[in-house]
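Report on the structure
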Amino acid sequence: MRLEPIANPSFARSVVPPALAIAATVVIASLLAMIAGADPFAVLGLIIKGAFGTKFALLETLNRATPLIFTGLAVAVAFRARFWNIGAEAQLYAGALVTVVLGTGALPWPGFALIPTLALGAVLAGALVLLVPAILKTRFGVDEVVTTLLLNFIFLLFISMLLEGPLKDPMGMGWPKSARLIADARLPRMFEGLRLHWGFGLAILCAVAVWVIQTRSTLGYEMRAVGLNRAAAAFAGIPVNRVLVKTALLSGGLAALAGFSEVAGLKGSLTLDLSPGFGYTGIIVAMLALLNPLGVIVTAMFVAGIFVGADSMSRAAAVPTYLADMMLATALLLMVLAIMLTRFRVRRE
Amino acid sequence: MRDTADVVLRLDAITKRFGKLIANDAISLSLRRGEVVALLGENGAGKTTLMNILFGQYTADSGTVEVFGRVLPPGNSRAALDAGVGMVHQHFTLADNMTVKENISLGAQPLFALSMKNSEITKKIKKISDDFNLKVDLEARVANLTVGERQRVEILKALYRDVKILILDEPTAVLTPQETDDLFATLRLAIANGLSIVFISHKLHEVMAISDRVSVLRHGKLVAEVDTADTDKEALATLMMGTGAVAPDIAVATPGRDLFSIKNVSTPNIGSIPGLKRVSLNLKAGQIVGLAGVSGNGQAALADLVAGLCTPAEGTIEHHGDPVKNWSARDAVNKGIARIPEDRHKTGTIADFSLTENAILECYNSDDFSKSGWMYWKKARAFAVDIIDKYDVRCPGPDTRIRLLSGGNMQKLILGRVLEAAPDIVLANQPVRGLDIGAVNYVHSQLLAARDRGAAVLLISEDLDEIMRLSDVIHVISGGRLSPEFLRGTKSPSELGGWMAGQGFDEQVTHAS
């Protein structure tokens, strides 16, 4: 067997494999549910209903998608320039940290001044966290996969230390959590009476902004050139290292907004379980979207939908919640295969 | 007259299509015991495709491969090797960090052998190396070998596997004339020992010197099969290139002032590739300077220096007589240096960018195409359309990804990109490598046009014919040192070959001191 690249893929070829991948994911998930003792034919319906079927479910999915859009964008921006930022998790916590440090009373400002300040502070913190690996890479050639990945653990332990020490809420009954944000620091809801905060709106705005930057700005052109062929970019006079550092700043800032929006929009305080792996799931979100920033909105909702839907399904059908993780992994692997099949033809010999 | 019993390799009516392109059109070829058949053809004529089919890398659409009377199963990459066919590739397949002996025995022994039988391996290699006049130090690391020595290791590697048929793909492309003579001596010994050889080349005098028969390929077709004794270089050239190819007619030029000067520049060695050693070079208005030499002798360092990719460790560079302080790729572009890179796929273009995006690669941040950080895509696209028209780039349109273009059309886009602003300095590094003859002539005529309007052109090539045909002045580079300048027609190919092999440089130093 060998793979032959296809010069001009037809419309059918670019649509059918991904559709088959989704269908296969559903079939495999149903089989797994059957093994777990549930009715395989009810599984899909229960997931869709649990994720999008009711107003409550839909809002839950959008809330869950919000941090994933931010981390997905962070990864999409970085990967587009072939800067492998695996550390969105650390940058997310950096954003959350700044939000609680400044938002729990240190700045007694009204909301219209405080909230943008918190967001900006979070962006700067996330950018700073990723600046270190970026400089190590451009100056000394240190592999950013290693540094960004390991920084996740370092940063989580750092947060843990702070939550057991200086940031510990004196009213928290001994739990390792920070004090709550003051009311002016909380993100308002987007619509009266609906449990959806402005973090979601900001995420959509960021996705559009990133898309505009990538397609219309010189920085976007440079980032794509550096990502596709670093040697040719350097030969043409594009300052590759400077572009990589700018990319890192943008990526780190976007990931940090996930932490800001979770704390200021949803949780109100910082705990160690603020992110159930949003930083890593962001990689899946970005890859499924083929690194397209607008696609990230769709895939983040898809991934959030699977999580929320599978959660609800597991309660309704009495199967383990781990089914959601397995579905996501299956969807990712099959989608990667499908994407390859849209570009290559398999020849048997 | 032809004795078919002795045929050791037979390709029968091999056809292979890639999309609309017919790479091999019903090509038949036979090789008899103890003979050298030359496969002659321009780059892109289908030689490599044919060999890939023989070795099972590609499956032919129709036709068969027969070795010692047995048909090989198509698409099986081990079949030809197991049947006793060995190949020495143009680009060597050696492990740099291992010794010569390890490279030769690598893969020729079972994976889980209990003992390596070191002495037996050495004995066998020694015997082959004596029999075939292939002298090389078995314990040396491949990284430390010269190109000629590496090729000897490749040939030893094939002979170690007891091949009966040896295929050499452009074996002389990287050799000096003297090393080529040594190679031919080895090949004659191989013939005497009963081997048969397919010699792939596009160099006519070598084909005349070594082969018994010649098969000529052109645009995927077998256009002639002749006995070498019955033909001559001129006839073969016509067969190979067809009659449509006309070399550009070159008028003598009178050079103007120095536009770009390199003064006593040295650069560090990079691995086993020498850097520049106190090199001085003047590029004058209205003159083509040809840089001849075997690859890996410092051409890359000199090209990088002019292109702005490296700065001198010692010495200075001058642009229009002014010393240059800051020097980067961007500076070189801004100073109006047109740079045609050696590898148009790896450094010249970005494969998944459109023609438009590739056209503005060097000037995207000029006022024409962007302002305060935002692109003017409409203007960029119009610029690309303009280049496509003017430089005859055959493509579906400016939004096509450039990876879908042929090498010649890719090169035309690069030419348009760098020449459109009428630069006064042109760096052309291997500008016609891998192009068909039509594209070659086009590129050459563009370089000559640039010269005629007063630009200084530096032409770097490993093809001595190209250098001698186009250059007003020739320098030879060897081991990072630059020869004195030779005016057009003052040195014969073999004299230049001597310089390429490193002769003459020491006397030059003596004279200078």
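Rules of the game
Residues numbered from 1 in each chain as written. Chains lettered and ligands numbered in written order. Predicted model: local features only at pLDDT ≥ 70, side-chain atom pairs only at ≥ 80, totals over all residues. Heavy atoms only, no water. Pairing = 2+ DSSP bridges. Helix = DSSP H or I, 4+ residues; strand = E, 2+ residues; numbered from the N terminus. Contact = heavy atoms within 4.5 Å. Axes fitted to C-alpha atoms, helices over the stretch in contact; angles between N-to-C directions. Domains from an automatic or database assignment. Parallel < 35°, antiparallel > 145°, perpendicular 65-115°, else oblique. Left-handed = near helix turned anticlockwise from the far one by under 90°. Nonpolar A, V, L, I, M, F, W, Y, C, P; charged D, E, K, R; others polar. Buried area = accessible area lost by both parts, 1.4 Å probe. Salt bridge = Lys/Arg side-chain N within 4 Å of Asp/Glu carboxyl O. Polar contact = N/O pair within 3.5 Å; in protein donor to acceptor, adjacent residues only side chain to side chain. Buried < 20%, exposed > 50% of the residue type's maximum accessible area, 1.4 Å probe, protein only. Core = buried A, V, L, I, M, F, W, Y, C linked by side-chain atoms within 4.5 Å. Phe/Tyr/Trp six-rings, centres within 6.5 Å; stacked < 30°, edge-to-face > 60°. Lys NZ or Arg CZ within 6 Å of the ring centre and 35° of its normal. Patch = residues over 30% accessible without salt bridge, like charges linked within 9 Å, V, L, I, M, F, W, Y side chains within 5 Å. Areas by Shrake-Rupley, 256 points an atom, 1.4 Å probe, with all protein chains shown as cover.

1. A short note on the sheet that holds strand β11 (residues 258–266) of chain B
Residues and elements named next belong to chain B. Across the sheet, which stays open at both edges, the four strands sit in the order β12-β11-β14-β15 with antiparallel pairing between neighbours. With partners counted over all chains shown, the strands left at the sheet margins are β12 (279–284) and β15 (322–323), one partner each. As judged from the five bridges shared by β11 and β12, these two strands associate in the antiparallel manner. Looking at the pairing, Ile262 lines up with Leu281 of β12. Strands β11, β12 and β14 (314–319) of the sheet are contacted by helix α9 (residues 299–307), whose axis makes an angle of about 130° with β11.

2. Concerning the domain arrangement of chain B
What the domain assignment lists for chain B is domain 1 (4–241), domain 2 (248–336 + 425–432 + 454–513) and domain 3 (344–422). Centre-to-centre separation of domain 1 of chain B and domain 3 of chain B, based on C-alpha positions: 39 Å.

3. Quick look at the packing of helix α4 (residues 88–103) of chain A against helix α10 (residues 240–267) of chain A
Residues and elements named next belong to chain A. Axis separation between α4 and α10 bottoms out at 6 Å; the angle between their running directions is 50°. Judged by the inter-axis angle, α4 sits oblique to α10. Regarding α4 and α10, the two cross each other, and that crossing is right-handed. Together, Ala88, Gln91, Leu92, Gly95, Ala96, Thr99 and Val100 of α4 and Ser251, Gly252, Ala255, Ala256, Ala258, Gly259, Phe260, Val263 and Ala264 of α10 make up the contact between the two elements. Among the residues forming the contact of α4 with α10, the class breakdown is ten nonpolar, six polar and no charged.

4. Description of the interface of chain B and chain A
Each side of the interface is counted separately: chain B has 30 residues, and chain A has 23 residues. When chain B packs against chain A, close to 2300 Å² is buried across both sides, 60% of that on carbon and sulfur atoms. Run the count over chain B and chain A and you get one salt bridge. Note that A:Arg224 and B:Glu357 form a salt bridge whose closest N and O atoms lie 2.6 Å from each other. The interface formed by chain B and chain A contains eleven residue pairs in polar contact (both at pLDDT 80 or more).

5. So, unusual backbone geometry
Positive phi outside glycine occurs at A:Leu291, with the angle close to 65°. Of note, the phi angle at B:Ala26 is positive, near 50°, even though the residue is not glycine. Tracing the sequence through the fold places B:Ala26 in strand β2 (residues 21–32). Judged by relative accessible area, which is 43%, B:Ala26 ranks as partly exposed.

6. A look at the nonpolar core
Ranked by internal contacts, the top residues of the largest apolar core, which has 155 residues, are A:Phe260, A:Leu270 and B:Val426. In this structure, this core is formed jointly by two domains, domain 2 (248–336 + 425–432 + 454–513) and domain 3 (344–422) of chain B, each of which donates at least three residues. Look past the residues within four positions of A:Phe260 in its chain and what remains in contact with it is A:Gly95, A:Ala96, A:Thr99, A:Ile115, A:Leu118, A:Ala119, A:Ala122, A:Leu187, A:Leu202 and A:Gly265. Membership of the second largest hydrophobic core comes to 34 residues, among which are B:Val153, B:Leu156, B:Leu183 and B:Phe184.

7. A look at the packing of aromatic side chains
All chains considered together, the criterion is met by ten aromatic pairs over all chains. The interplanar angle of 35° and the centroid separation of 5.9 Å between the aromatic rings of B:Phe260 and B:Trp327 together place this pair among those described as tilted. Placement of the pair is B:Phe260 in strand β11 and B:Trp327 in the loop between β15 and α10 (329–334), with a sequence separation of 67 residues. For B:Trp327, a relative accessible area of 8% gives the class buried. Taken together through their ring pairs, the aromatic side chains of A:Tyr221, B:Phe353, B:Tyr364 and B:Trp377 make up a single cluster. Stacked on the ring of B:Tyr160, the Lys or Arg B:Lys124 has its end atom at 4.6 Å from the ring centre. B:Arg339 extends its terminal NZ or CZ atom over the ring of A:Phe235, reaching a point 4.2 Å from the ring centre.

8. A few points about the pattern of salt bridges
Residues and elements named next belong to chain B. Within the structure shown, the criterion is met by 30 salt bridges over all chains. Glu35 is the partner of Arg32 in a salt bridge, and the nearest nitrogen-oxygen pair spans 3.7 Å. Look at Arg32 and you get buried, because its relative accessible area is 19%. Assessed through its relative accessible area of 7%, Glu35 is described here as buried. Lys101 is the partner of Glu139 in a salt bridge, and the nearest nitrogen-oxygen pair spans 3.6 Å. You can see Glu139 sitting in the loop between α4 (118–131) and α5 (147–160) and its partner Lys101 sitting in helix α3 (residues 100–105), a full 38 residues away along the chain.

9. Brief notes about the packing of helix α7 (residues 198–216) of chain A against α10(A)
Residues and elements named next belong to chain A. Between α7 and α10, whose axes approach to 10 Å, the crossing angle comes to 170°. By the angle between their axes, α7 is roughly antiparallel relative to α10. Contacts between α7 and α10 involve Gly199, Leu202, Cys206 and Val210 on the former and, on the latter, Leu254, Leu257, Phe260 and Ser261. Here the contact of α7 with α10 is built from residues that sort into six nonpolar, two polar and no charged.

10. Description of a nonpolar patch on the surface
Residue and element names in this part refer to chain A. A contiguous nonpolar patch, built from Val146, Leu149, Leu150, Phe153 and Tyr280 and spanning about 420 Å² of accessible area, is present on the exposed surface. Take the nonpolar patch: its biggest share by element is four residues, from helix α6 (residues 144–164). In this structure, Leu150 sits in helix α6. Take Leu150: its relative accessible area is 45%, and that puts it in the partly exposed class.

11. With respect to the pairing of strand β20 (residues 456–460) of chain B
Residues and elements named next belong to chain B. For β20, a buried count of five out of five residues is recorded, marking the element as mostly surrounded by other parts of the structure. Residues Ala456, Leu458 and Ile460 line one face of β20 and the alternating positions Val457 and Leu459 line the opposite face, and both faces are buried. Judged from the five bridges that link them, strand β13 (residues 287–292) and β20 form a sheet pairing that is parallel. Paired with Leu291 across the two strands is Ile460, which belongs to β20. With five bridges connecting them, strand β19 (residues 425–429) and β20 associate as parallel partners.

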